[in-house]
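# Notes for the structure review
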Amino acid sequence: MSELTELYEEIAVCQRCILAQGRTKAVPGEGPEDATLLFMGEAPGFHEDRQGRPFVGAAGKFLEELLASIDLKREEVYICNVIKCRPPGNRDPSPAEIEACRAYLDRQIELINPKMIVTLGRFSMARYFPKTSISRIHGQPKRIGGRIYYPMFHPAAALHQPKYRSAIEEDMLKIPQLLAEAEQMVDEKPPPQAEQLSLF
Ligand code: URA
C-alpha cells in the first residue's frame, strides 16, 4: 500500500474535530500520486460527503469544464480540499477545523509534491497568502521554492456570477504555460506550507 493510500485510510476514520460526527464519508482527495498539478478547494459539500470524492457536485462539473478548456481531464490532476469532512449546512470551515486537518494536507502535498498548486477560493488561498484578498491576487502566480502557487476564484462562486466566471475562465487559460514553466523549475523541496511566505 502506498503512503498516500495509508493516509487516506487514516483520514477515513479521523476523529480530530467535530466534523467527524456529522460526516457520511471523509473526502481525502483523488488523482495521480505523481500529479504535477494540484487543485485545492475548500471543503466537501453534500455530494462529496455522500460519495467520498472531491468536486462531484455542480462546482465539480464546472471545474471539469474549466479543465476541458485547457485539454485536461480531472483524472490527470490531483484534487483535494483544505478540510476533509463536510461542515454542517456547508458553512465555512472554522479555524479549529482547518488546524485539525492541517497535518493531513501537509502530508498529502509532501507525498504528491506537485510542481504547481492552484488554490480555489479564499480558504485554500489563505493557507499560503493569508493577508490579502482573492479579488486582488487571483490569476497572479507566485514562484516559491521550485513550485508555482496560483490563486483562482472558487468555481462555486464563479459559476453564477458573470464577473467571477469570466475571471476564472481567463485565469484557467493561463495554466498550461505556467505549468510548462513550473515543470522546468528546480525541485527545491518547497516548504510544506507557505504561510510564512505572504508575498502578496
Ligand atoms: N467545493 C469545494 O471546495 N470542494 C469540493 O470538493 C466541492 C465543492
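To keep things clear, this report deals only with the structure shown in the data block. (Residues numbered from 1 in each chain as written. Predicted model: local features only at pLDDT ≥ 70, side-chain atom pairs only at ≥ 80, totals over all residues. Heavy atoms only, no water.)

## Things to note about the packing of helix H1 (residues 3-12) against helix H5 (residues 95-112)
Interhelical geometry of H1 versus H5 gives an angle of 165° and a closest axis separation of 10 Å. With respect to each other, H1 and H5 are oriented roughly antiparallel. By crossing handedness, the relation of H1 to H5 is classed as left-handed. Listed contacts from H5 to Glu-3, Leu-4, Leu-7, Tyr-8, Glu-10 and Ile-11 of H1 are Tyr-104, Arg-107, Gln-108, Leu-111 and Ile-112. (Axes fitted to C-alpha atoms, helices over the stretch in contact; angles between N-to-C directions. Helix = DSSP H or I, 4+ residues; strand = E, 2+ residues; numbered from the N terminus. Parallel < 35°, antiparallel > 145°, perpendicular 65-115°, else oblique. Left-handed = near helix turned anticlockwise from the far one by under 90°. Contact = heavy atoms within 4.5 Å.)

## With respect to the pairing of strand E5 (residues 147-152)
Counting buried positions over the six residues of E5 gives six, a clear majority of the element. Burial along E5 is two-sided: Arg-147, Tyr-149 and Pro-151 and Ile-148, Tyr-150 and Met-152, pointing in opposite directions, are all buried. Pairing of strand E3 (residues 116-120) with E5, which is carried by five bridges, proceeds in the parallel orientation. Bridge pairing in E5 links Leu-120 to Met-152. Where strand E4 (residues 142-144) and E5 come together, three bridges link them in antiparallel fashion. (Buried < 20%, exposed > 50% of the residue type's maximum accessible area, 1.4 Å probe, protein only. Pairing = 2+ DSSP bridges.)

## Digging into the pattern of salt bridges
The full count for this structure, using the stated rule, is 14 salt bridges. Residue Arg-53 pairs with Glu-30 through a salt bridge whose shortest N-O separation is 2.9 Å. Of this pair, Arg-53 sits in the loop between helix H3 (46-51) and helix H4 (58-68) while Glu-30 sits in the loop between helix H2 (19-22) and strand E1 (37-41); the two residues are 23 residues apart in sequence, bridging distant segments of the chain. Glu-169 is paired through a salt bridge with Arg-165; the nearest N and O atoms lie 3.2 Å apart. (Salt bridge = Lys/Arg side-chain N within 4 Å of Asp/Glu carboxyl O.)

## Topic: unusual backbone geometry
Note: most residues except glycine have negative phi, and most peptide bonds are trans. The phi angle at Phe-55 is positive, at roughly 50°, despite the residue not being glycine. Mapped onto the elements, Phe-55 comes out in the loop between H3 and H4. The class of Phe-55 is buried, set by a relative accessible area of 5%. Phi is positive for Asn-90, close to 60°, though the residue is something other than glycine. Take Asn-90: its relative accessible area is 44%, and that puts it in the partly exposed class.

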